[in-house]
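Listed below are the residues making up each chain.
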Amino acid sequence: MWLTVECFSYCILYLLLPVYHRNVTSSSSRHAQMTHLARLLSPVFPLLRWKRKIKVCLPTVGVYSRSFCSTPSEPDPIGIHKRKLFLWFSHLPQEEKQFGGVFSPETMHVDPLILERKATEKGELMSYPLQAHVPKRLAVTVEQLFEPGNSWTEGRGLNVLLYGAVGTGKSTVVRKLVLDWCAGSTLTDFKLLLPFSCEDLSKLSSVASLRDLVSRKYLHLRRHPLLSGEGDHAKDVLFLFNGMEKMQLDFRIGSTELCSDPNEPLTTHVLVVNLLRKYLLPEASILVTTRLSALDRIPPKYVSRYAQICGFNDPDRQRAYFTGRLLQGSSDTEHNQEAQALVELLYLNLQRESQLAAACFLPSYCWLTCATLHFLHFTDSKAPIQTLTGIYTSFLRLNFGGEVLGSGVGSNVLVQEHQNSLMLYVVRTVGKLAFDGVSHKRTSFSEKELEQWIGGETKTDEELRQLAVFWTDVLDFFMAPCIESSKHLLKDFSEADNRRYVFAVPAMQEYLAALYVVLGENKSALEKLSKQVSVAIGQAGEDVSALVAVLSKFVPLRIFAIFKLLKFFPKLYDKISSRNKGSIAKTMAAEMFRTEDSYNEDILDQVEKSLLGVHGPQPQQYSEAQPFELYPIFMGGLLHYRNRVILEQLHCNIQSTTVVQITRALRKYLVRELSKPQPPEELMDLLVLLYEFQNPRLSAEVLASIRSIRLTNVRMTPLKCFVLSSVLSCAPPSYYLQELDLSSCLLTRDMLQMLHPAFKHAHYLNLQFNSLGSESCILLRDLLLDPKSSLKSLQLCDNPLLDAGALTLLEALPGNQSLTHLSLMHTGLGDPGTLQLSEKLHQNVGLQDLNVAYNNIGDNAALALVDACREHPNIHTVHLYLNPLSDVGKQSLYVRGVPQSVGGSGRRVKVLASVTEGSDVSEDWHPILSVIRENASSWDRDRVKQQLKVFLRDLEWGRQQQPSLWKRLHFRRVEKGVRQTLQMLEKDNAFSSK
């Protein structure tokens, strides 16, 4: 039988203890005997801690044949390692959690294209990012790279170098690789996977052996036998070094000593070099990831295989990525349908080989596209607040973190991180190029311009080396060849300028230009000089002042007072600096309200169009001229505290004093611009600016100068509704808009719910032409019953509310006393709803004007309504035109307008049933025709034409009844207006039929 040594020891105790108990009678003697027994068995006790199994033969003893239970064995270190790695690599940044649902990297991961390269091809890039027809035999997986091949030698592991440009998905591939190994679905030939971050290793200054280094990072693997170096145990180990460009490796023997002992303390770069040399643990395999600039840091003789990550080289991979992101974990059918429609539109745009398709060659830009579309279409009021500026700022942090710009040489020269911040270098070079393009309204640049703006002022060898690294690794991330200019070669370009470059995503140009300005990099020559003088004088000023104070005690000369002027130079610089911040605010306001951009689409629609493309007739001539309306919005968003914190991690500091100065000046310029009438699209852009700024005090002060918000014909989305509600929520409770016009905005019931807080700040609310159904009336009823609401006028024209919706609204009449004007024109109201309205009118005493025109109201219901209005204390006008009323019914309505009964109220109610009142022309004939002209395009034209012909018949009859020439001429004038309206409808009919 197989027993552990531990069980065998317990057997000895079990056999001896009964003997001792039988021979002992007293407790004291029993204690003495047990002590003697423990002394006899002391050599056996260490065996209880052994776990190694041995074969023990015991005689079969019938009386003592009992089962023995061993203690549980210690947990497997490899199992612990897999669990901890899985937990660590499953942790994702906060930015990844914005897509909602049950987030899982496995369900959202799409493998980028990986191509095996020869050593001679390692520096080559794909000639064009959209190479959809790469032969499948060339594409490989990471697991296939470790299969034995021509480069494999018996007893030696493989060194695989996986490289790619910024944003191609190296870190994502590494994360997925580790998770799959932990799950046992890949690289199953390796028992142990040890991932290391080269950025982390580069920070270690103390020496340590390889085994100690592993123990420091993974305590549960302390002294693991696979890393002992004995035998060929290391063949089951795979080292993974991610981001080799962060380490300065030197493979020269004179600089890096040879070492084969895993217990020898050495610096980290020496350990990594000896692992790659196959001098330390030669049986182990190694996977290294790096950027293009660091390819030559590892000599080719130490690399078994090269592989290049080529991103998403075809639209199908991109589509799979978009589908996984936008359809992630949502059980809402409507949400999934909208997300599926977005994916289809994106796919159509990608298939056209658009500029977006070239950008989405990099998975990072696929992430940015998905995040922007999720922000535009699936913003939820319950989710954390997200802004467009925040998405772009987080995008840069995800791709660059707190990186510094190295020189790419194998030296250990220490550099100051702040001076070599990669993101700050991007702002000063690419941001400067972006700012020049925005200033001169250009989106494409030639190669000469790139060389001029990026690195044109480099002088030292170190700067030249940094510039070479930047051009190799980073520049292609931001700039891409212009697809449109290659399709439409402009005639005024020379052949040398035919190859143009644009920003990979158009909005990135505006973001970097805004960051360049807000960071103060566009200082004038005067400000740069004054800053240098101020710093120099400020440093010397205190010492000079102290010296003068001492000398003046002994030599009281007034000449020493001149040195006090030194204190004025820092103040002078502050004034110049604050003036510059004021110019930034002035630029923001001027760019927001440019006259030539006044009638463009609102900025959110422009962003969506840039992603989904134009589906329909394409522009015949290519032109790079486009509005830069995101530029001022990004400038405002960058001043938000959360974005400033992220930028500080990238070593791009925006001082709080800068924010205060810009905000103070911006308030003044915005109020000045808002004193002029602004189109609805410009007002929407202003609301987006205030939302991106996330400054409640600024929003409240700007809103104080706005008395009405008219967003007519602006295509409202959940995001725009959320923006409007968020901005208006910054205003105090006592703030009210005279008018909030949301007519023809494609509102839905869910949008009304998001807009509920905004409606509380409106006196006049216009919701006509929105196709709101009867279910929307529940929300409107709750709004009317809200004690914080002060709604005076509610316009619901041209919404299919029907009788059911009208009855729901009537429930609010008893509890609401603020409403004075209610319009239910063309809402499908019939006789039942009208009769119910007649019965409940007396419960509300505030109503003054009731519009139920262009419905399905007959004579009896109309007469009952007029009677109820006549008895109402405040209603003075009832609109009933364009209803199927008979001539007798119209005459009766006119007569009922003035009650004849003695017990009546004696009030006259103006009934607008036609352009005539009896035999006279109605005083309100012109407003009636104006309403018909404005809305005829969306109404049933045959019905409207029929009603206009009825008006002509009424006018002709009334004209014949008039003896006065002047009155007959007045009838002719009204007839002319009706005929013109009728001709306009017939002309529109003929045009639409074509």
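Since this is a predicted model, take the numbers as computed values, not measurements. (Residues numbered from 1 in each chain as written. Predicted model: local features only at pLDDT ≥ 70, side-chain atom pairs only at ≥ 80, totals over all residues. Heavy atoms only, no water.)

> Would you mind showing me how to read the overall build of the chain here?
Looking only at helices and strands, one finds 38 helices and 21 strands in the chain. Going through the 994 residues of the chain one by one, you find that 51% of them count as buried. When contacts within the chain are restricted to residue pairs at least 6 apart in sequence, those whose partners lie at least 24 apart make up 79%. If you sum the accessible surface of the chain, you get close to 48200 Å²; carbon and sulfur atoms cover 54% of it. (Helix = DSSP H or I, 4+ residues; strand = E, 2+ residues; numbered from the N terminus. Buried < 20%, exposed > 50% of the residue type's maximum accessible area, 1.4 Å probe, protein only. Contact = heavy atoms within 4.5 Å. Areas by Shrake-Rupley, 256 points an atom, 1.4 Å probe, with all protein chains shown as cover.)

> What am I meant to see in unusual backbone geometry here?
Leaving glycine aside, a negative phi is the common case for residues, and trans is the common case for peptide bonds. Here the phi dihedral of lysine 441 falls at roughly 55°; this positive angle occurs in a residue that is not glycine. Among the structural elements, lysine 441 can be located in the loop between α15 (422–439) and β9 (444–446). With a relative accessible area of 25%, lysine 441 lands in the partly exposed category.

> Is there a simple way to think about the sheet that holds strand β8 (residues 305–309) in this case?
Strand pairing within a sheet occurs via backbone hydrogen bonds; the two strands may be parallel or antiparallel. Across the sheet, 6 strands lie side by side as β3-β8-β4-β7-β6-β5; this open sheet has mixed pairing. The open sheet has two edge strands, β3 (114–117) and β5 (192–197), and neither has a second partner. Each strand axis lies, on average, 20° off the axis of its neighbour in the sheet, ignoring direction. Sheet topology places β5 next to strand β6 (residues 237–242); 6 bridges connect them, and they run parallel. Residue pairing across strands places proline 195 opposite leucine 240, the latter belonging to β6. (Pairing = 2+ DSSP bridges. Axes fitted to C-alpha atoms, helices over the stretch in contact; angles between N-to-C directions.)

> It is not clear to me how the sheet that holds strand β13 (residues 739–741) should be interpreted in this structure. Could you clarify?
Spatial strand order, β12-β13-β14-β15-β16-β17-β18-β19: 8 strands in an open sheet with parallel pairing. A strand with exactly one partner marks an edge of an open sheet, and here the two such strands are β12 (708–710) and β19 (910–912). This sheet shows a mean twist of 5° between the axes of neighbouring strands, independent of strand direction. Sheet topology note: the strand β16 (residues 821–823)/strand β17 (residues 849–851) ladder contains 3 bridges and is parallel. Each residue of the ladder has a partner; that of serine 823, found in β17, is asparagine 851.

> Could you clarify how one ought to interpret the pattern of salt bridges in this entry?
Opposite charge on two side chains allows them to pair when their charged atoms are near. As enumerated under the stated definition, the model contains 33 salt bridges in all. One salt bridge in this structure joins lysine 176 and aspartate 180, with 2.9 Å as the shortest N-O distance. With lysine 176 and aspartate 180 both in helix α6 (residues 170–183) and 4 residues apart, this pair spans about one turn of that helix. By the burial criterion, lysine 176 is buried, and aspartate 180 matches it. A salt bridge links arginine 870 to glutamate 871, with the shortest nitrogen-to-oxygen separation between them at 3.4 Å. (Salt bridge = Lys/Arg side-chain N within 4 Å of Asp/Glu carboxyl O.)

> Looking at this structure, how should I read helix α31 (residues 776–785)?
Helical periodicity: at 3.6 residues per turn, an α-helix aligns residues three or four positions apart in one direction. For α31, the buried fraction is high: 7 of the 10 residues fall into the buried class. Restricting attention to buried positions, one finds in α31 the residues Ser776, Cys777, Leu779, Leu780, Arg781, Leu783 and Leu784. Buried positions along α31 lie against α30 (749–759), β14 (764–766), β15 (793–795) and α32 (802–810).

> Can you help me understand the packing of helix α13 (residues 363–377) against helix α23 (residues 603–612) in this one?
Two packed helices can be described by the angle between their axes and the distance between those axes. Packing of α13 against α23 brings their axes to within 11 Å, and their N-to-C directions diverge by 140°. With respect to α23, the axis of α13 lies oblique. Where α13 crosses over α23, the handedness of that crossing is left-handed. Of the residues in α23, those touching α13 at Thr369, Thr372, Leu373, Leu376 and His377 are Leu604, Val607, Glu608, Leu611 and Leu612. When grouped by side-chain class, the residues that make up the contact of α13 with α23 number 6 nonpolar, 3 polar and 1 charged. (Parallel < 35°, antiparallel > 145°, perpendicular 65-115°, else oblique. Left-handed = near helix turned anticlockwise from the far one by under 90°. Nonpolar A, V, L, I, M, F, W, Y, C, P; charged D, E, K, R; others polar.)

> It is not clear to me how the environment of glutamate 451 should be interpreted in this structure. Could you clarify?
With respect to the secondary-structure elements, glutamate 451 resides in helix α16 (residues 447–453). Sequence separation between glutamate 451 and tryptophan 471 is 20 residues; the distance between their C-alpha atoms is 10.0 Å. Not counting residues within four places of it along the chain, the set of residues in contact with glutamate 451 comprises Gly456 and Trp471.

> Looking at this model, I keep getting lost on a nonpolar patch on the surface. Mind explaining?
Taken together, Ile253, Leu258 and Tyr279 make up a surface patch of nonpolar side chains, about 300 Å² in accessible area. Relative to the helices and strands, leucine 258 resides in the loop between β6 and α9 (268–276). With relative accessibility at 40%, the residue leucine 258 sits in the partly exposed group. (Patch = residues over 30% accessible without salt bridge, like charges linked within 9 Å, V, L, I, M, F, W, Y side chains within 5 Å.)

> What am I meant to see in the confidence of the model for the chain here?
Low pLDDT marks stretches whose predicted atomic positions should not be read closely. Of all residues in the chain, 76% attain a pLDDT of 70 or more, and the chain-wide mean is 79. With pLDDT under 50 throughout, residues 488–496 is counted as low confidence; its partners more than four residues away or in other chains account for 5 contacts. Overall, residues 619–624 carries pLDDT values under 50, and its contacts beyond four positions in sequence, including any with other chains, amount to 8 contacts. (pLDDT = per-residue confidence, 0-100.)

> I tried to follow the side chain of serine 922 on my own but got confused; where do I start?
If you trace the backbone, serine 922 turns up in the loop between β21 (920–921) and α36 (925–935). Accessibility expressed as a relative area gives 2% for serine 922, which makes it buried. Beyond its immediate stretch of four places on either side in the chain, serine 922 contacts Leu912, Ser914, Val915, Thr916 and Glu917.

> Explain the state of the cysteines here, please?
By definition, a disulfide links the sulfur atoms of two cysteine residues through a covalent bond. One pass over the full model with this rule turns up 0 disulfides. Cysteine cysteine 721 remains unbridged, with the sulfur of cysteine 745 as its closest cysteine sulfur at 8.4 Å. (Disulfide = S-S within 2.5 Å.)

> I tried to follow the packing of helix α29 (residues 718–728) against α30 on my own but got confused; where do I start?
Packing of α29 against α30 leaves a shortest axis separation of 7 Å and a crossing angle of 15°. The orientation of α29 relative to α30 falls into the category roughly parallel. In this structure, α29 meets α30 at a crossing whose hand is left-handed. Taking contact as the criterion, the partners of Pro718, Cys721, Phe722, Leu724, Ser725 and Leu728 in α29 are, on α30, Met751, Met754, Leu755, Pro757 and Ala758. Split into classes, the residues belonging to the contact of α29 with α30 amount to 10 nonpolar, 1 polar and no charged.

> Would you mind showing me how to read empty space enclosed by the protein here?
In this approach the atoms are scanned with a rolling probe the size of a water molecule, which exposes any empty space left behind. In this structure the tally under the stated criterion is 5 cavities of 30 Å³ or more. Each pocket or cavity is described by its volume, and for the largest cavity that value is around 70 Å³. Secondary structure elements with two or more residues in the lining of the largest cavity: α32 and α33 (831–840). It is α32 that contributes the most residues to the lining of the largest cavity, 3 residues altogether. Among the residues forming the lining of the largest cavity, the class breakdown is 10 nonpolar, 1 polar and no charged. (1 Å grid on protein atoms, 1.4 Å probe; cavity = no way out; pocket = protein on both sides within 12 Å on 5 of 7 lines; lining within 4 Å. Points joined across faces, edges and corners; volume = space filled by probe spheres on them.)

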